[in-house]
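Examination of the molecular architecture
In case you want the letters, here they are:
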Amino acid sequence: MRLYKVIDTQDVCFPVSKKPIFFESDGLGTLPVPDRFAVVRGDTQEALAVVSDSYTIVPNEEVISKAREAFERLSLSTVENFRTTKNGARLYAEFVIPSVQIEVKKGDFVQMKGIFHNSYDTSKSYTLAVGGYRLVCSNGMMIGKDLFRVRRKHIGEINVSELVHEVERAIGTYQEKVLPYWQNLAQLEIPMVRLEERLETAVEERVLPKKFAARALEGVTQSSREHMDSASLWEVYNAFTALTTHEVAPRSYERSRQLGEISLGFVHDLYRQEIQ
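In this report, the structure presented in the accompanying data block is examined.

Rules and cut-offs
- Residues numbered from 1 in each chain as written.
- Predicted model: local features only at pLDDT ≥ 70, side-chain atom pairs only at ≥ 80, totals over all residues.
- Heavy atoms only, no water.
- Helix = DSSP H or I, 4+ residues; strand = E, 2+ residues; numbered from the N terminus.
- Contact = heavy atoms within 4.5 Å.
- Areas by Shrake-Rupley, 256 points an atom, 1.4 Å probe, with all protein chains shown as cover.
- Lys, Arg positive; Asp, Glu negative; His and termini not counted.
- Charge placed at Lys NZ, Arg CZ, Asp CG, Glu CD.
- Phe/Tyr/Trp six-rings, centres within 6.5 Å; stacked < 30°, edge-to-face > 60°.
- Buried < 20%, exposed > 50% of the residue type's maximum accessible area, 1.4 Å probe, protein only.
- Lys NZ or Arg CZ within 6 Å of the ring centre and 35° of its normal.
- Pairing = 2+ DSSP bridges.
- Axes fitted to C-alpha atoms, helices over the stretch in contact; angles between N-to-C directions.
- Expected span 1.5 Å × (residues − 1).

1. A word on the overall build of the chain
When you go through the chain residue by residue, the secondary structure sums to 6 helices and 11 strands. The principal-axis extent of the C-alpha atoms belonging to the chain is close to 75 × 50 × 35 Å. Within the chain, contacts between residues at least 6 apart in sequence are counted, and of these 62% link residues at least 24 apart. When the accessible surface of the chain is split by element, carbon and sulfur atoms take 49% of a total near 14,300 Å². Computing the positive centroid from 35 side-chain charges and the negative centroid from 38, the chain places the two 0 Å apart.

Okay, structure coming up:
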């Protein structure tokens, strides 16, 4: 059963089809462009992409309905959040699973989140990724594609039985691999002086935007008041996720995803340096 159901999915489940593309030739009239089709929104008639004849559209409605069916087969209640970017060309369907949660440190719980990606502009394959929802501050969190990510080409209908297996595997990864990694982040301390140096280097090398890095440092400083000379890597990561979730995402969800990936890589680099 679902704890929350999006009633109106019109913005994400609009009709889409492939339409032939034509051009005006010199003297031969209107001719078709061979092996090229436009992916067109049926509600606005807007072209979202140009694709080949072999490209198969996977409708957002199918992604959402098959995900719901998989979670229901596993008797998992979910909290749903759907959004699109690029005029509807890219879908992000999030399913938070309250019953699958881990305690990173005392009183700090993070619930698992299944994230389904789909696109009509060929930018993303149909993908199942895993993330987290931190209850303390409602932060959205990523775990990185090296821990878990399933990607499928647009080649036909989504197999629900396979999806059930993939969700079960994602839950196992979340409980067995993500928990110890995040617990290690919570236990590892980095001196504030060294963190400032690492952030300055990341800005100089154009890994992190200057303003974003400065705001993240402010967040770390506020969360580590009990030990001003150092901060845990968990506090560092959560300073980043707070920014991407609450400040960047309301303006641009696409940008928040990009900065989330960059932030995750930055924290992981800190982790590897501190354990050496």
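2. Side note on the packing of aromatic side chains
Going through the model one piece at a time under the given rule, you end up with 12 aromatic pairs. On the numbers, 5.6 Å between centres and 55° between planes, the contact of Phe 82 with Phe 95 is tilted. Residue Phe 82 is located in strand E4 (residues 79-85), and its partner Phe 95 is located in strand E5 (residues 90-105); the two are separated by 13 residues in the primary sequence. For the pair formed by Phe 82 and Phe 95, the shared burial category is buried. Through successive ring pairs, a cluster of aromatic residues spans Phe 71, Phe 82, Phe 95, Phe 116 and Tyr 126. It is Arg 41 that lies over the ring of Phe 14; its NZ or CZ is 3.6 Å from the centre.

3. What about the sheet that holds strand E3 (residues 47-51)?
Spatially, 3 strands are ordered E1-E2-E3 in an open sheet, and the strand pairing comes out antiparallel. Sheet topology places strand E1 (16-24) and E3 at the edges, where each strand pairs with a single neighbour. Pairwise comparison of adjacent strand axes, ignoring direction, gives a mean angle of 40° for this sheet. With 4 bridges connecting them, strand E2 (residues 30-41) and E3 associate as antiparallel partners.

4. Some remarks on the pairing of strand E6 (residues 108-119)
Burial of E6 is extensive: 11 of the 12 residues sit out of reach of the surface. Relative to E6, E5 is paired through 12 bridges, and the arrangement is antiparallel. Bridge pairing in E6 places Glu 94 opposite Ile 115. Linking E5 to E6, which pair antiparallel, is a turn of 2 residues; within it Gly 107 sits at a positive phi near 80°. Examined bridge by bridge, E6 and strand E7 (residues 126-134) share 8 bridges and lie antiparallel to one another. Across the sheet, residue His 117 finds its bridge partner in E7, namely Thr 127.

5. Here's the deal with helix H1 (residues 60-73)
The end-to-end C-alpha separation of H1 is 20 Å, in line with the 20 Å expected for 14 residues at 1.5 Å each. The set of residues buried in H1 consists of Asn 60, Glu 62, Val 63, Ile 64, Lys 66, Ala 67, Arg 68, Ala 70 and Phe 71. In the core, the buried residues of H1 are packed alongside E4, E5, E6, E7 and helix H2 (160-187). Backbone geometry just after H1 places Ser 75 at a positive phi near 55°.

6. Observations concerning the side chain of Thr 85
Among the structural elements, Thr 85 can be located in strand E4. Among residues more than four places away in sequence, those in contact with Thr 85 are Arg 90, Tyr 92, Tyr 253 and Glu 254.

7. Some words on the environment of Thr 244
Within the element layout of this structure, Thr 244 appears in helix H5 (residues 233-248). Spatially, the C-alpha atom of Thr 244 lies 8.1 Å from that of Gly 140, the residues being 104 residues apart in sequence. Beyond its immediate stretch of four places on either side in the chain, Thr 244 contacts Phe 212, Ala 249, Ser 256, Leu 259 and Gly 260.

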